[in-house]
Amino acid sequence: MYTDNQLHDIVVKRNTSSSRKRSRDGVRSHVTPAKKRSSFTSTTTCLADKEQIYTQDMAENEGVELGDVVAQWEAMSPHNKKVVGSGLVWVRWHFCLEFACSPMFARVSSGLSLGSPVSPTVQRGVLSVKWCCSDNEDLFEGYDSIVADSSFLAKLEDVELQTRQCYDQQTPNACADDLSDSMLAEDFRDSSPRALPSSQLEFQKAITMPHKSPSRGAPSSSTPYLMNPGPAVNHADLSVHKPHPKARRSMKDHLKKVLMDNAATASTVSKMVQQKEAVMNEEMSFAMQAMESITSEGDLGPFFGLPSKVKDLIFRLKGIQDLYEWQKTCLSLDSIQQRRNLIYSLPTSGGKTLVAEILIFKELLCRKKDALLILPYISLVQEKVRGLSSFGIELDFLVEEYAGSKGKFPPVKRRNKNSLYITTIEKGHSLVNSLIENDRLDNIGLVVVDELHMLGDGSRGAILEMTLSKILYMSKSTQVIGMSATLGNVKDLQSFLRAENYTNNFRPVELKEYVKIKDSIYEVDPKEEACFTFSRLLNFKYSSGMQKMDPDHIIALATEVIPQQSCLIFCATKKNCENLAGMICKYLNKEFIKHKEAEKATLLGELKSSGNGSLCPVLQKTIPFGLAYHHSGLTSDERKLVEEAYSSGVLSLLTCTSTLAAGINLPARRVILRSPYVAADFLKRSQYKQMVGRAGRAGIDAMGESILILQDKDINTAKNLLCAPMEKCYSNLLHDGGRGLLSLILSLIGLKITTTVEQVKDLMKGTLLSVQEAQVSPEKSLWDLTVESIQTLKQKNLIEVSSDENNQNILQITRLGRATYKGSVDLSYCDVLYRDLSKGLEGLLLNSFLHLVYLVTPYDMVHQCKPDWMIYFRQFTNLSAAEQKMATTVGVPESFVARKAAGQSVRKSVDVVVVNRLYLALVLFSLLKETNLWIVSERFQLTRGFVQTLLSSASAFGSSVLHFTEELEEFWAYKALLSELTRRLTYCVQAELIPLMEVSGVLEHRAKQLYSAGYKTLAHLANADPQTLVQTIENLFKKQAYQIIASAKMLLTEKAEALQEEVDDLLMLPLDLPSL
Ligand SMILES: Nc1ncnc2c1ncn2[C@@H]1O[C@H](COP(=O)(O)OP(=O)(O)OP(=O)(O)O)[C@@H](O)[C@H]1O
Ligand SMILES: [Mg+2]
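Rules behind the numbers
- Residues numbered from 1 in each chain as written.
- Chains lettered and ligands numbered in written order.
- Predicted model: local features only at pLDDT ≥ 70, side-chain atom pairs only at ≥ 80, totals over all residues.
- Heavy atoms only, no water.
- Helix = DSSP H or I, 4+ residues; strand = E, 2+ residues; numbered from the N terminus.
- Buried < 20%, exposed > 50% of the residue type's maximum accessible area, 1.4 Å probe, protein only.
- Contact = heavy atoms within 4.5 Å.
- Patch = residues over 30% accessible without salt bridge, like charges linked within 9 Å, V, L, I, M, F, W, Y side chains within 5 Å.
- Areas by Shrake-Rupley, 256 points an atom, 1.4 Å probe, with all protein chains shown as cover.
- Salt bridge = Lys/Arg side-chain N within 4 Å of Asp/Glu carboxyl O.
- Near = heavy atom within 4 Å.
- Polar contact = N/O pair within 3.5 Å; in protein donor to acceptor, adjacent residues only side chain to side chain.
- Nonpolar A, V, L, I, M, F, W, Y, C, P; charged D, E, K, R; others polar.
- pLDDT = per-residue confidence, 0-100.
- Axes fitted to C-alpha atoms, helices over the stretch in contact; angles between N-to-C directions.
- Parallel < 35°, antiparallel > 145°, perpendicular 65-115°, else oblique.
- Left-handed = near helix turned anticlockwise from the far one by under 90°.
- Arc of directions from axis to C-beta.
- Disulfide = S-S within 2.5 Å.
- Pairing = 2+ DSSP bridges.
- Phe/Tyr/Trp six-rings, centres within 6.5 Å; stacked < 30°, edge-to-face > 60°.

Within the protein chain, the regular secondary structure consists of 51 helices and 19 strands. Out of the 1076 residues in the protein chain, the part that is buried amounts to 55%. For the protein chain, long-range pairs separated by at least 24 residues make up 73% of all intrachain contacts whose partners lie at least 6 apart in sequence.

So, in C-alpha cells, the structure goes:
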C-alpha cells in the first residue's frame, strides 16, 4: 500500500506526465459541442480546477455510453487511450469509471466533501483524489450541469483545442513553457527508459493473460441486460451518438479492455511509449489498490456511507423523506460502524425494516458482498422481492427469491454483481448449507434476520437456530443483524449471536390499547393495580334482534371508524371470520353500499374471474358493504385481491385470523380482538402484541387503537396477558423429540463441518441451546444430548463411525444421510421415503402422473384430511385400469375403498397412512388435470384454501424428494420425472401463464389478465409501460404496475446474467491447459 505522501508524489507525477501527453496527442470529445472558454495557462491548471466529473449518467443524458466515450477517445488516436488511462485525468476518470460503472450514481447531486463532517473512510477516499480536486469539491456534484457548458468533456475539449493549437501553431516550447508550470514536469520530460518496476511487470502479466484467453471475444459476463437494444454504433464514427448496440459493458470491463488493448499494441510502439505505458500501468495498479482500500472501508457517499441516490430512491419508492431519530442513531452505532453483530428491538411499526435495508445496501454496494435477508413467511418474501427489485435495478444488484419452490442451490455464481437473497427460514437454511458445501459462505457479508424471536417458534425456530449456528461457526467475516419486537430475554439471544443490543420504544403512531367489558371501554394501564382504567361508555342503539345477534357490540365498535377509516377484527377461527363478516353487513346501513360502489363492483368481478366464474357466496354478500373475511381458506388470488382492495380503501373492514397479523403488512386505524383466543388456546402475549401492533398507519393516522373484547370469565387471565412482562424466547432444537438437534448434527457431519464427536460438541457450544441449557434441558447436559443424538443417527443408518490412522473415531455420513439432509427431508420419515421410492421403481406407472404425484404427496399433510369414502370410491372408479392397478400395488385395493364407501366393515388390514395419502394424491392428480381449484375443492368437499396449501406443500416436498433422489444413484430415473412434476405442481396453471407467474407475486388471475392484454413473456412484462399497464389491466394500481415491471426486469436480468456466466465459464481457458 502507498502512504499518503507516496500517493501525493505519484498523483502529481502522473498529473504532469498526462498533461504533457495530452497536449501532444490531443484529446477530443465529440460528445459535447466545444464551447469557447477562457484560456488556461496550462493543462495542469485546467484539470486541477475541474469541478465536474463525467459519469455514466452524464453520458446517458447525452445519449451515449461512458464506455463509448472512452472508446471514441481510443479511436481518435492509439495514444489517446493512454492519455485517458494515465495521469491525473485518468485518476479522476478512474474514480469516475469505477463509481459510474453501476448506474447507482444517477441523479446524485451531492457527494463527498472534505468540508462536511465525513467519516474517516470518506476522508481517506477523498484524500486519494484531493490532489486533483479542490478541498471543497464534491465528488458527485455538478451532475445537473452536464447539459450546460461546464461539462467536463466540454472543458476537456477546450483544453484539448488549446493544447492542439499550441502544438500545431507554436513551437513546442510554448507548450513546454506552460507545462513547466506544473510541479514535476521536468522529472518526466527528462526521464529516460529504465527497467519496469516489478509491480508493473506483474500487473502487465496479469492483464496480458486474459487477453489471450479465447473467452475474450465472447460477450462479457458483466454485460448488463439492455432492455431496448439500439442500433449498432460505429465507435470510429464520432458523430454518431447512439446507445451502444445490444449490450453495454461495465466501466470495469472498458478499463480492462483499454488495458488489454494497450498490452496488445505495445509491440508496435516505440520504447519510449512502452516506458510511458509501463508507468501508466503502475499508476493504474496503484489507483486500483487505492480504490479497493476505499470500498473495503465501506463508504461511498454522504447517506450513511451510501450515495445520495439511495436517499432519493427511498423517498421516490417508499415515500420516506427522512429517517426517524432512532434509525439515525442505530445506523451510527459503533457496532454497525465496526460491523459487529447487533440485535435491535422496537415495538411493531417502529420502522425496523428500513435500517436493515440500508445496511443491506451498504453491504452490496460498498463492501461488494452478497447479503441474506431471512423472513418468516413466503408472503413476506414475495412482498420484499417486489419492493426491493426497483432498488436492485437502480443500484445494480440482484434480488433473488428463495421461497416455496423458487431458488437455486447452490446459488448461481455472479462475478459482476452482488446478490441479495431474500429467503424464508427453510430456504435460508438450505441456501447456507449449499454455500458451505461449495466453500462460498464468505461471500455472504451480511445476514439479516427479521422477527428474530421466531427462534422460539417450534421446528422453524430450530431451523433458524441451525442456520445461524453454522454461519457463526463457519464465517467469522459475516455480520449478523437480528430485528425483533421487544423480548423478555434478549440477553440470551445476544450471547448466542455474540451481538450487541439496541432498544428503543419508538412508535411513529401512538397506540392506545383498550379492553371492552360489557358496555364499557377501559384503557389498558399496566401501572394500575387493576390493569385497566375506565375510559368511556360505548354509545349504541341496538334493537333487541340486533342485541341478540351482536351481544359484543362489534357493529357499534366498527361503525365508529368505517367506512372512512379502516378496521381489522381478529377472530378465533376461520368460521368465526366468515360468520362475523356476514352478520355485520346484515345490520349495516344501506349507505355503506354507496361508498366506492364502482370499485367494489370491479373487485367482485375480479374475484369472480379469479375463480373461473365461481365467487364465494360470503364475499359476494359482504363486499358491497366494504367488508371481507381473510384467512387461509381463501385462495392466494382471492387473498391478494382482498388485501389490495383493503390497502387502497375499497374495503374498510376485514375479519381475519391471527395469521394476518404476522404474514402481511396491513395496518388499520382500529384493531378489534373479538376474543382473547386463537382457536381454543388463550392468546400469548407475543400474539396479542402482533395483532394490536397493526393499529395505527404511519403517515395516515394520528393514532391507532386496539380493543380487546372480554367476557367476565377471561378478565383475570387477560390481565396477565396485558400486563405481564414480555415473553421469553427459547431454543427449539429439542422440540418434537429433538428433531432439530438430530438434523443439525446430521448436516454438520454431511457438510464436513465436524468430523469428530469433540468437534460436534465444540459447535454445539455456539448454539442458543447451549446458552439456555439449564432452562431448556435441566435433566440432561448438552454433552449427553449430543452423544445420544449421534447414537440415534447411527441407528437410523444416517451416519457411520470409522477410525482414522490415529485410531480416532471419525463421523461420516451415509448415502441415506446425505440424501436426507440434502433434500431437507424430515428425519422421521426419511426411511419411509426411501422405501416408497424403491418400491415405486419396481413398477413405476409412467403413462399417468398419479404414481409420481403419490410419491411426492407430503407425509405431514396426511393427518390433516379424512377421506370421504363415497368421493374416494367415485374417484377410484374413474381411474384407468393401470392407475387402479398402481393403487392396489401401493396398498389401496378397490375392494377396500368400495366396502368403506358402502359402510361395510373391512376385515383386511390396510395402512391408514397409505390410504389417506393416496386420497390426497387423487386431489392433486385432479388438480393437475383440471388446473381449477374451485372445481377440485368442490369435487372433494374441501376448502379451496386447503387444496391450495396441499398443492404448495406438494410442490415443496416434490423439490425435496428430487434433491433426495439426486444423491442416490439407484434413483437416477426419478430426476427428470420429478423435475417436470415439481414444475407443474408449482404453477399448476395453463403452460402459457408460467413465465408470467415466475414474477414474484404475479398469481394466476393477474397472469391471465396480463396474458390476454398481450403481455405473454417475461420480456413483455419487463419492457411494459407502467401507464399502459395501469390503463389496460383492471384493478391494477400504479405502484403495483411499477413493482411488477421491476420484478420482471430483475428476473430477466438474473436469467440473462446466469446465461452470461455460463457462456463465460464455457469459454474460459483452462488454467491447467497442457503446454510445451
Ligand atoms: N423514517 C420513516 N419515516 C416514515 N415512515 C417510515 C420510516 N421508516 C419506516 N417507515 C414506515 O413505517 C411503516 C412500518 O415500518 P416497518 O414495517 O419497518 O415496521 P417494523 O418495525 O418492522 O414493524 P413490525 O414489527 O410490525 O414488523 C412502514 O410502512 C414503513 O414504510
Ligand atoms: Mg418488520
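To continue, consider unusual backbone geometry. Across the junction of F409 and P410, the peptide omega takes the value -15°, indicating a cis bond. As for its placement among the helices and strands, P410 is situated in the loop between β3 (398–402) and β4 (419–423). Cis geometry is found at the peptide bond from I562 to P563, where omega equals 5°. Relative to the elements of secondary structure, P563 occurs in the loop between α23 (554–559) and β11 (567–570). Despite not being glycine, S349 has its phi angle at roughly 65°, a positive value. Tracing the chain through its elements places S349 in the loop between β1 (342–345) and α17 (352–365). With phi around 60°, H553 is a residue other than glycine that occupies positive phi space. Note on placement: H553 falls in the loop between α22 (544–549) and α23. With relative accessibility at 3%, the residue H553 sits in the buried group.

Below, the discussion takes up a nonpolar patch on the surface. Taken together, the side chains of V1063, L1066 and L1067 make up a nonpolar region of the molecular surface, amounting to roughly 260 Å² of accessible area. Owing to a relative accessible area of 31%, V1063 belongs among the partly exposed residues under this scheme.

Bringing the site of ligand 1 into the picture now. Around ligand 1, the surrounding shell holds 15 residues, and the nearest of these are D322, Q327, S349, K352 and T353. The side chain of K352 places a nitrogen or oxygen atom 2.9 Å from an oxygen atom of ligand 1. Side-chain polar atom of T353 to an oxygen atom of ligand 1: 2.6 Å apart, as the coordinates give it. Taken by itself ligand 1 offers 640 Å² of open surface, and the protein chains cover 77% of this. Sorting elements by how many residues they give to the shell around ligand 1 places α17 first, with three residues. Among the residues making up the shell around ligand 1, the classes are represented as five nonpolar, six polar and four charged.

The subject of this paragraph is the environment of R414. Its location among the elements puts R414 in the loop between β3 and β4. Since its relative accessible area comes to 14%, R414 is described here as buried. A C-alpha to C-alpha distance of 7.6 Å links R414 and E1057, two positions 643 residues apart in sequence. Sequence-distant contacts of R414, that is, excluding residues within four places in its chain, are made with L398, E400, S419, E1054, E1057, A1058 and E1061. Engagement of the side chain of R414 in a polar contact is seen with the side chain of E400, the distance being 3.2 Å.

So, about the confidence of the model for the protein chain. Looking at the protein chain, pLDDT values average 76 and 72% of them are 70 or higher. pLDDT under 50 marks residues 1–59. Its contacts with residues more than four places away, or in other chains, come to 176 contacts. Across residues 166–252, confidence stays below pLDDT 50; counting only partners more than four residues off in sequence or on other chains, it has 146 contacts.

A word on the packing of helix α14 (residues 308–318) against α17. At a minimum axis separation of 12 Å, α14 and α17 run at an interaxial angle of 135°. Judged by the inter-axis angle, α14 sits oblique to α17. Judged by the sense of rotation from one axis to the other, the crossing of α14 with α17 is right-handed. Here α14 contributes V310, I314 and K318 to the contact with α17, which in turn contributes L354, E357, I358, F361 and L365.

This part covers helix α31 (residues 715–723). For α31, the set of buried residues is I715, A718, L721 and L722. All buried residues of α31 project into a common sector of 110° when viewed along the axis, lining one side. Projecting away from the buried face of α31 at angles above 90 degrees are the exposed residues N716 and N720. Check the buried side of α31 and you find it contacts β8 (510–517), β9 (520–524), β10 (532–537), β16 (681–682), α30 (685–692) and β17 (703–710).

Turning our attention to the pattern of salt bridges. Within this structure, the stated rule accounts for 39 salt bridges. When the shortest N-O distance is used, the salt bridge between K640 and E644 registers 3.3 Å. Within this pair, K640 and its partner E644 are both found in helix α28 (residues 636–647), separated by four residues, close to a single helical turn. The class of E644 is buried, set by a relative accessible area of 13%. Residues joined by salt bridges that share partners form a network here, namely E437, R818, K822 and E967.

Turning to the state of the cysteines, a few remarks are in order. All chains considered together, the criterion is met by one disulfide. Disulfide pairing is shown between C531 and C723; the S-S distance is 1.9 Å. When the S-S torsion is 80°, as for the bridge of C531 with C723, the disulfide is right-handed. Pair noted here: C531 is in the loop between β9 and β10 and C723 is in helix α31, with a separation of 192 residues, a long-range link. Accessibility expressed as a relative area gives 2% for C531, which makes it buried.

Here the focus is the pairing of strand β14 (residues 670–673). The alternating pattern of β14 places R670 and I672 on one face and V671 and L673 on the opposite face, and all of these are buried. For β14 and β17, the ladder comprises four bridges, and the chain directions are parallel. From the neighbouring strand, I672 faces β17, where its bridge partner is I707.

Let's shift gears to the environment of N504. With respect to the helices, strands and loops of the structure, N504 is situated in the loop between β7 (500–503) and β8. In this structure the C-alpha to C-alpha distance between N504 and W326, which are 178 residues apart in sequence, comes to 7.2 Å. The contact partners of N504, leaving out residues within four places of it in the chain, are W326, S345, L346 and P347. Among the polar contacts listed, one links the side chain of N504 to the side chain of Y502, at a separation of 3.1 Å.

This paragraph deals with the sheet that holds β11. Here eight strands make up an open sheet; going across it, the order is β10-β9-β8-β17-β14-β11-β13-β12 and the pairing mixed. Only two strands of the sheet have a single partner each, and these edge strands are β10 and β12 (627–630). Sheet twist, expressed as the mean angle between neighbouring strand axes with direction ignored, is 25°. Where β12 and strand β13 (residues 653–656) come together, four bridges link them in parallel fashion. Within β13, the residue paired with Y629 across the bridge is T655. The sheet contacts of α31 involve β8, β9, β10 and β17, and relative to β17 the element is tilted by about 150°.

Turning to the packing of aromatic side chains, a few remarks are in order. According to the stated counting rule, one finds 21 aromatic pairs in the structure shown. Look at F303 and F304: their rings are 5.2 Å apart centre to centre, the planes differ by 75°, and that puts the pair in the edge-to-face class. Its relative accessible area of 7% is what places F303 among the buried residues. What makes F304 partly exposed here is its relative accessible area of 23%. Seen in terms of ring centroids, Y859 and F957 are 5.8 Å apart; in terms of plane orientation they differ by 85°. Their pairing is edge-to-face. In this pair, Y859 is assigned in the loop between α39 (850–855) and α40 (869–877) and F957 in helix α45 (residues 944–966), connecting sequence segments 98 residues apart.

Strand order across the open sheet formed by seven strands is β3-β4-β2-β5-β6-β1-β7, with parallel pairing between neighbours. With one partner strand each, in any of the chains shown, β3 and β7 form the two edges of the open sheet. The sheet shows a mean angle of 15° between the axes of neighbouring strands, direction not considered. Of the pairings in the sheet, the one linking strand β5 (residues 444–449) to strand β6 (residues 479–484) comprises four bridges and is parallel in character. Counterpart to V447 in the pairing with β6 is V480. Together, β2 (370–374), β3 and β4 form the strand contacts of helix α18 (residues 378–395), whose direction differs from that of β3 by roughly 170°.

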